[in-house]
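One-letter residues, chain by chain:
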Amino acid sequence: MDRETWAHHAMAAAGGFFGVYALLTRGGTFGSSETSNLIYLVIAGLDGTWGSALVRLGGTACYIAGIVFTVLWRRCGRRPRAQILSIAVDAAACLVLARIPAETDPILALYPMFFATAVQWVSYSRAAGYNCATIFSTNNLRQFAEGITEYLCTREAEQLRKLKFYGGTLAWFHLGVAWGWWCTGRWGISGIYGCLPLLTVPLPALFSKEKTKA
């Protein structure tokens, strides 16, 4: 496994942790994607519940801000690279999330996660030549199932490589889910601290990659 793939899979574990943490501590809200938030934003607007709409609009703004911030950072060629920056942003988000009271509005409480996971998505959107997110699994599951089917039909080496890559991403993501479930069940809101060790795993590969480039 090359360094790029190792770092990508390791960050998928952090993505799985973030996902299950948000679902279990913030009323079933998934903080790594904007799909449900945008749907409920439209519903809130149609219902005339403007307070809820504004909170959800703020969540969307945080997500967009994370994307814009990462793209601008990358274009400026700043160091550390976007992938290392993403780990720092994720760690900062963990520290903030642990301090937000349980009674806070779930969407408002996840503002740091909206921003951090958007940064992670842009920073870890490709590895080993594949488009692959580390913060949610739907497309990765599709690619994995597609790779298995194509390989069984053609026995092509590329399809075997594809299913291994996406299968590895899914496996790491759900290992993160399992660890996040345990930490959240044991420590509740403060369980987010359990994500911090996961964020150290890709660092050796990333720093080695940077050293090679230099």
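Preceding this paragraph is the structure being described.
Throughout, a residue's number is its position along its own chain's written sequence, starting from 1. Side-chain atom pairs in this predicted model are given and counted only at pLDDT of 80 or more, local residue features only at pLDDT of at least 70, and totals for whole chains, interfaces and linings cover all residues. To get the side-chain values, take all heavy atoms of the structure and skip hydrogens and water.

A. Molecular detail of the overall build of the chain. In DSSP terms, a helix is any run of H or I states spanning at least four residues, a strand is any run of E spanning at least two, and both are numbered starting from the N terminus. Of the regular secondary structure elements, the chain holds 10 helices and 2 strands. Helices and strands in the chain line up, N terminus first, as α-α-α-α-α-α-β-β-α-α-α-α. For the chain, the C-alpha radius of gyration of 18 Å lies close to 17 Å, the compact-globule estimate for 214 residues. Overall, the chain is about 55 × 40 × 40 Å in size when its C-alpha atoms are taken along their principal axes. Here's how the labels work: a residue is buried when its accessible area is under 20% of the maximum for its type, exposed when over 50%, partly exposed in between, all with a 1.4 Å probe on protein chains only. For the chain, with 214 residues in total, the buried portion stands at 48%. Summarising the internal contacts of the chain: among those between residues at least 6 apart in sequence, 76% fall at separations of at least 24. In this count, Lys and Arg are taken as positive residues and Asp and Glu as negative ones, while His and the chain termini are left out. The location of each charge is read from NZ of Lys, CZ of Arg, CG of Asp or CD of Glu. Positive and negative side-chain charges of the chain, numbering 19 and 12 respectively, have mean locations separated by a distance of 9 Å. Only the C-alpha atoms count toward the radius of gyration. The rule for a globule is 2.2 Å times the residue count to the power 0.38. A contact between two residues is defined here by any heavy atoms of the two lying within 4.5 Å.

B. Broad picture of the nonpolar core. In these notes, a set of buried Ala, Val, Leu, Ile, Met, Phe, Trp, Tyr and Cys residues joined through side-chain atoms within 4.5 Å is what counts as a nonpolar core. Leu97 and Ile192 are the most contacted members of the largest nonpolar core, which totals 35 residues. Counting only elements with at least two residues in this core, the list comes to α1 (3-25), α3 (50-75), α4 (82-97), α5 (106-109), α6 (111-123), α9 (195-200) and α10 (203-213). For this core, the element with the highest residue contribution is α1, accounting for 8 residues. Once residues lying within four places of it in the same chain are set aside, the contact partners of Ile192 are Phe17, Phe18, Tyr21, Cys94, Leu97 and Ala98.

C. A look at the pattern of salt bridges. What counts as a salt bridge is simple: a side-chain nitrogen of Lys or Arg found within 4 Å of a carboxyl oxygen of Asp or Glu. Applying the stated rule across the entire model yields 3 salt bridges. Glu146 is the salt-bridge partner of Arg142, the closest N and O atoms lying 2.9 Å from each other. Note that Arg142 and Glu146 are positioned in helix α7 (residues 138-154) at a spacing of 4 residues, about one turn of the helix. We note a salt bridge from Glu146 to Lys162, for which the minimum N-O separation is 2.8 Å.

D. Layout of a nonpolar patch on the surface. Within the patch definition used here, like charges are joined within 9 Å and nonpolar side chains (Val, Leu, Ile, Met, Phe, Trp, Tyr) within 5 Å, considering only residues with over 30% relative accessible area and no salt bridge. All accessible-area figures derive from a Shrake-Rupley calculation using a 1.4 Å probe, and residue coverage is judged against the displayed protein chains alone. On the surface, Leu23, Leu24, Trp179, Trp181, Trp182 and Trp187 cluster together into a nonpolar patch covering about 660 Å² of accessible area. Elements with a contribution of two residues or more to the nonpolar patch: α1 and α8 (157-187). No other element matches α8, which puts 4 residues into the nonpolar patch. Accessibility expressed as a relative area gives 33% for Trp179, which makes it partly exposed.

E. Structural context of the side chain of Arg26. Relative to the helices and strands, Arg26 resides in the loop between α1 and α2 (35-47). Although buried, Arg26 forms no salt bridge, and the nearest oppositely charged side chain, Glu103, lies 7.1 Å from it. Aside from chain neighbours lying at most four places away, what touches Arg26 is Tyr21, Leu97, Ile100, Pro101, Ala102, Thr104, Pro106, Ala109, Leu110 and Ile189.

F. Seen up close, α2. Look at α2: 19 Å from first C-alpha to last across 13 residues, which is about the 18 Å you get at 1.5 Å a residue. Among the residues of α2, Asn37, Leu41 and Ala44 are the ones counted as buried. One side of α2 holds all its buried residues, which, seen down the axis, span an arc of 65 degrees. What points out from α2, more than 90 degrees from its buried face, is the exposed set Thr35, Val42, Leu46 and Asp47. Buried-residue contacts for α2 involve α3 and α5. Positive phi shows up at Gly48, right after α2, with a value of about 80 degrees. Here, expected helix span is obtained from the residue count minus one, scaled by 1.5 Å. When we speak of the arc, we mean the arc of directions from the helix axis to the C-beta atoms.

G. Region of the structure containing the environment of Ala98. Residue position: Ala98 is located in the loop between α4 and α5. Under the relative-accessibility criterion, Ala98 is labelled buried at 12%. In this structure the C-alpha to C-alpha distance between Ala98 and Val177, which are 79 residues apart in sequence, comes to 18 Å. Excluding its chain neighbours within four sequence positions, the residues that come into contact with Ala98 are Ile189, Ser190, Ile192 and Tyr193.

H. Structural context of the environment of Asn140. In this structure, Asn140 sits in helix α7. Asn140 gets classed as buried once you look at its relative accessible area, which sits at 2%. Placed 23 residues apart in sequence, Asn140 and Leu163 show a C-alpha to C-alpha distance of 9.6 Å.

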